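# Residue-level structure breakdown
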Amino acid sequence: MRAAVISDIHANLPALEAVLEDLSDREQDEIWCLGDTVGYGADPDRCVELVREAADVCLVGNHDLAVLGELDTATFSAAAATAVNWTRANSSGETLAFLAGLAPLETSRDAALYHASPRDPIWEYVLWPDQAAECLAVQEARVSLVGHSHIALFFSIADGENASSGSAEARGWQAGAGTELELAADRWLINPGSVGQPRDGDPRAAWLELDTEGWRATYHRVSYDIDKAAQAIVDSGLPPHLGKRLFAGQ
Ligand code: ZN
């Protein structure tokens, strides 16, 4: 199975269009979206429509759930909470119905998919090796994919070696564009990065190419029209800061 893995689109239409065009240049059997299709950006309906058409799997993320009123925004930043309310008021019934039908995890594929983490599919940000080791210990699949942190990174732990006790140390790295992973051995927790709001210092939209027969993965980054996405945020009355941060990839 060749899968293109995308995550955290956050209603950024220019970024999503650029990623869909880039991945269409390569052969894919399926497209997997790890959630947070909306929230922050100005084009929730069009992004959901494109994901509905293109993705074979789409998870629900914490921002999607907040827009649906199923998750409290008390722990969200002020700008994020404002964006949640704006998105709820500016999304069609079809968009909300689609998001309401999604789950935060999917474990029937060759790799397990979670929006946030294997032990907390909605909320946990997996950023540190000790924490990743605990997640790698509880994940049923050998390879898991997570989104949520908006940082392209990966962790691995040796197969068998205390993996199930959670006491083994995971190795972890941030993954720049072009990073290739050999996944045939060991256990892995992989984040493709964010399509619509990268936070790892590279403002380009991120996606991951995964081959579950050869067990290889390649990280991709795609330039897109950030001016257009930022202007749409300003024009829609969303906090302008949400547009500015796109230029820095933060
Ligand atoms: Zn997100």
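Look up a bit, the structure's there.
As a starting point, this report considers the structure included with it. Keep in mind the model is a prediction, meaning the values are calculated, not measured. (Residues numbered from 1 in each chain as written. Predicted model: local features only at pLDDT ≥ 70, side-chain atom pairs only at ≥ 80, totals over all residues. Heavy atoms only, no water.)

## Observations regarding the coordination of the zinc ion
The condition is simple: The donor set covers N, O and S atoms within 2.8 Å of the metal, switching to 3.2 Å for Na, K and Ca, and it leaves out water, so a site may look short of donors. Think of it this way: with four donors and all angles in the 85 to 135 degree range, the site is tetrahedral; with four or six donors, opposite ones beyond 155 degrees and the rest between 65 and 115, it is square planar or octahedral; otherwise it is irregular. Each helix corresponds to a stretch of at least 4 residues labelled H or I by DSSP, and each strand to a stretch of at least 2 residues labelled E; elements are numbered beginning at the N terminus. Three labels apply to residues, based on accessible area from a 1.4 Å probe with only protein chains included: buried if under 20% of the type maximum, exposed if over 50%, partly exposed otherwise in between.
The coordination sphere of the zinc ion contains the protein donors Asp8 (OD), His10 (NE2), Asp36 (OD) and His150 (NE2), at a distance range of 2.1 to 2.5 Å. Viewed at the metal, the four donor atoms of the zinc ion are separated by angles of 89 to 175 degrees, and the geometry they form is irregular. Binding-site remark: the zinc ion is held by donors from one chain whose sequence spacing is D-x1-H-x25-D-x113-H. In this pair, Asp8 sits in the loop between strand S1 (2-6) and helix H1 (13-24) while Asp36 sits in the loop between strand S2 (30-33) and helix H2 (44-54), placing the two residues 28 residues apart along the sequence. With respect to class, Asp8 is no different from Asp36; both count as buried.

## Observations concerning the sheet that holds S1
Threshold: In this description, strands pair whenever DSSP reports at least two bridges between them.
Reading across from one edge, S3-S2-S1-S11-S12-S9 is the order of the six strands in this open sheet, with mixed pairing throughout. A strand with exactly one partner marks an edge of an open sheet, and here the two such strands are strand S3 (57-58) and strand S9 (180-182). Inspection of the sheet shows S2 paired to S3 by two bridges, in the parallel sense. Across the sheet, residue Cys33 finds its bridge partner in S3, namely Cys58.

## Some details on the pattern of salt bridges
Condition: One speaks of a salt bridge when a side-chain nitrogen belonging to Lys or Arg is within 4 Å of a carboxyl oxygen belonging to Asp or Glu.
Enumeration over the complete set of coordinates arrives at 12 salt bridges. A salt bridge links Arg46 to Glu49; the shortest N-O distance between them is 3.2 Å. Taken together, the residues span about one helical turn, with Arg46 and Glu49 both in helix H2 at a distance of three residues. Judged by its relative accessible area of 39%, Glu49 is partly exposed. As a salt-bridge pair, Asp202 and Arg204 come within 3.0 Å of each other at their nearest N and O atoms. In this structure Asp202 comes out as buried when scored by relative accessible area, which is 18%. Its relative accessible area of 31% is what places Arg204 among the partly exposed residues. Ionic contacts of the salt-bridge type, sharing partners, join the residues Asp200, Asp202, Arg204 and Arg221 into one network.

## Brief notes about a nonpolar patch on the surface
Heads up, the rule is: Without a salt bridge and with relative accessible area above 30%, a residue can belong to a patch; like charges are then joined within 9 Å and nonpolar side chains (Val, Leu, Ile, Met, Phe, Trp, Tyr) within 5 Å. Note on areas: Shrake-Rupley with a 1.4 Å probe; residue coverage comes only from the protein chains shown.
Side chains of Tyr125, Leu127 and Trp128 sit close together on the surface and give an oily, nonpolar patch of about 310 Å² of accessible area. Position of Tyr125 relative to the elements: it lies in the loop between strand S5 (112-114) and helix H6 (129-138). Since its relative accessible area comes to 33%, Tyr125 is described here as partly exposed.

## Focus on the nonpolar core
Condition: The nonpolar core is taken to be a set of buried Ala, Val, Leu, Ile, Met, Phe, Trp, Tyr and Cys residues, with the residues joined through side-chain atoms within 4.5 Å.
One finds Ile6, Ile9, Leu16, Val19, Leu23, Val195 and Tyr224 to be the most contacted residues of the largest nonpolar core, which totals 47 residues. When residues in this core are grouped by element, the largest group, seven residues, is from H1. Core analysis: the next-biggest nonpolar cluster, separate from the first, contains 22 residues, Leu145, Ala152, Trp188 and Leu208 among them.

## Considerations on H1
The criterion, for reference: Each residue after the first adds 1.5 Å to the expected span of a helix. Should any heavy atoms of two residues lie within 4.5 Å, those residues are counted as being in contact. Here a polar contact means two N or O atoms within 3.5 Å. Within protein one must be a hydrogen donor candidate and the other an acceptor candidate, and residues neighboring in sequence count only if both atoms are side-chain atoms.
Here H1 contains 12 residues, and its C-alpha end-to-end distance of 16 Å stays within 8% of the 16 Å for a straight helix at 1.5 Å per residue. Within H1, nine of the 12 residues are buried, which leaves the element mostly enclosed by the surrounding structure. Residues of H1 that are buried include every one of Leu13, Pro14, Ala15, Leu16, Ala18, Val19, Leu20, Asp22 and Leu23, and no others. Check the buried side of H1 and you find it contacts S1, S2, H2, strand S11 (205-211), strand S12 (216-222) and helix H7 (226-235). Regarding H1, its N-cap is Asn12, as a side-chain oxygen of that residue lies 3.1 Å from the backbone nitrogen of Ala15 further along.

By themselves, these observations are geometric and do not establish any function.
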